[in-house]
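Examination of the molecular architecture
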Amino acid sequence: MKKFFMLLAAMTLMVFTANTAAAQDAQQAPAAEETVVAAPANDLAALTAGAPEVPLNQALKTKFIEGGAGFMSLIIICLIIGLALCIERILTLTFAKYNTKKLLEKVEKALEDGGIEEAKKVCRETRGPVASIFYQGLLRYDQGVDVVEKSIVSYGSVQMSEMENGLSWIGLFIAIAPSLGFLGTVIGMIQAFDAIQAAGDISPNVVAGGMKVALITTVAGLIVAMILQVFYNYILAKIDSITVDMEDSSISLIDILTKYNAK
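A brief look at the structure comes next. (Residues numbered from 1 in each chain as written. Predicted model: local features only at pLDDT ≥ 70, side-chain atom pairs only at ≥ 80, totals over all residues. Heavy atoms only, no water.)

1. A closer look at the packing of aromatic side chains
- Under the definition given, this model contains 1 aromatic pair.
- On the numbers, 5.9 Å between centres and 55 degrees between planes, the contact of Tyr141 with Tyr260 is tilted. Linking Tyr141 in the loop between α7 (129–139) and α8 (145–163) with Tyr260 in helix α10 (residues 204–262), this pair joins segments that are 119 residues apart in sequence.
- The exposure class assigned to Tyr141 is buried, which follows from its relative accessible area of 17%.
- A residue is classified by how much of its surface remains accessible, and Tyr260, at 27% relative accessible area, is partly exposed. (Phe/Tyr/Trp six-rings, centres within 6.5 Å; stacked < 30°, edge-to-face > 60°. Helix = DSSP H or I, 4+ residues; strand = E, 2+ residues; numbered from the N terminus. Buried < 20%, exposed > 50% of the residue type's maximum accessible area, 1.4 Å probe, protein only.)

Written as structure tokens, this is what we have:
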């Protein structure tokens, strides 16, 4: 896990450095490239109609620079770290999923063939939270079925906490991303009013720069939040599915142990 977060931090630093460098290069471009010779309306329309479409990556890079390297880099970092946490949770929950009916059949057969110790061995060799809960319950079989049931309930809460590990951080990035976008909006509006005050005029050209920063950062923050929210809800759905399996299989295990105890 430590190596995972170290690699994630290195990737985030590389993205931040690359984006900042791209923004600086764009700001230091020669003024001659930004100078456009005025053309008649008809000629300009003809040129625009025949102009090739801008590639998506180039358009995104342009919007990133226009939105401001500082805030846009922070929003992208939220996206990268949030997605990394989502992928880690999805992989963990996918590997934790196991066919509980098959496990119950193995445990019941092990009880018939070798008793409690054989059932413990089956649980130890099976991955997933359900097998871990079964093992904790079987450890206390000699104390009675009631103690086994309480042990299963208690350890089930522990497994639930482990499955929900990292969700609070994902929720944090879902909240931070649009907040950073709104903060960029406020700063863009301040820049627009500063430009109006300096120019002493409220013409569209004076206000356009600050308004563009405001809108781009807001859109970026909302998009990041929506992407992470989809993954967040998917993770919650997987946790709910595993929880239902845990509860159903635990009840079935208690029934199996009760029958075994009656023999």
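Having seen the structure, we can now continue with the description.
2. Focus on the layout of surface pockets
- By volume, the second largest pocket is sized at about 240 Å³.
- Every residue lining the second largest pocket is counted, 13 residues in all, and those nearest its centre are Ile152, Val153, Met246, Glu247 and Ser250.
- Every element with two or more residues in the lining of the second largest pocket is listed here: α8 and α10.
- Taken together, the residues of the lining of the second largest pocket break down into 7 nonpolar, 4 polar and 2 charged. (1 Å grid on protein atoms, 1.4 Å probe; cavity = no way out; pocket = protein on both sides within 12 Å on 5 of 7 lines; lining within 4 Å. Points joined across faces, edges and corners; volume = space filled by probe spheres on them. Nonpolar A, V, L, I, M, F, W, Y, C, P; charged D, E, K, R; others polar.)

3. Points about α8
- If you check α8, its first and last C-alpha atoms are 27 Å apart, about what 19 residues at 1.5 Å a residue would give, namely 27 Å.
- Along α8, the residues classified as buried are Val145, Val148, Ser151, Ile152, Gly156, Gln159 and Met163. Here the buried residues of α8 occupy an arc of 145 degrees about the axis, which is enough to place them on one side. When the buried face of α8 is taken as reference, the exposed residues oriented beyond 90 degrees from it are Asp146, Lys150 and Val153. (Expected span 1.5 Å × (residues − 1). Arc of directions from axis to C-beta.)

4. Let's talk about the environment of Gln159
- Within the secondary structure layout, Gln159 lies in helix α8.
- For the pair Gln159 and Ser132, spaced 27 residues apart in the sequence, the C-alpha separation amounts to 8.5 Å.
- What Gln159 contacts, discounting residues up to four positions off in sequence, is Pro129, Ser132, Ile133 and Met246. (Contact = heavy atoms within 4.5 Å.)

5. Section: α7
- Most of α7 sits out of view: 8 of its 11 residues are buried.
- Taken as a whole, α7 has its buried residues at Pro129, Val130, Ala131, Ile133, Phe134, Gln136, Gly137 and Leu138.

6. Some details on the packing of α7 against α8
- One way to put it is that α7 packs onto α8 with a least axis distance of 8 Å and a crossing angle of 150 degrees. When the axis of α7 is compared with that of α8, the two are roughly antiparallel. Between α7 and α8 the crossing geometry is right-handed. Touching Pro129, Ser132, Ile133, Gln136 and Gly137 of α7 are Val148, Ser151, Ile152, Tyr155, Gly156, Gln159 and Met163, all from α8.
- Grouping the amino acids of the contact of α7 with α8 by side-chain chemistry returns 6 nonpolar, 6 polar and no charged. (Axes fitted to C-alpha atoms, helices over the stretch in contact; angles between N-to-C directions. Parallel < 35°, antiparallel > 145°, perpendicular 65-115°, else oblique. Left-handed = near helix turned anticlockwise from the far one by under 90°.)

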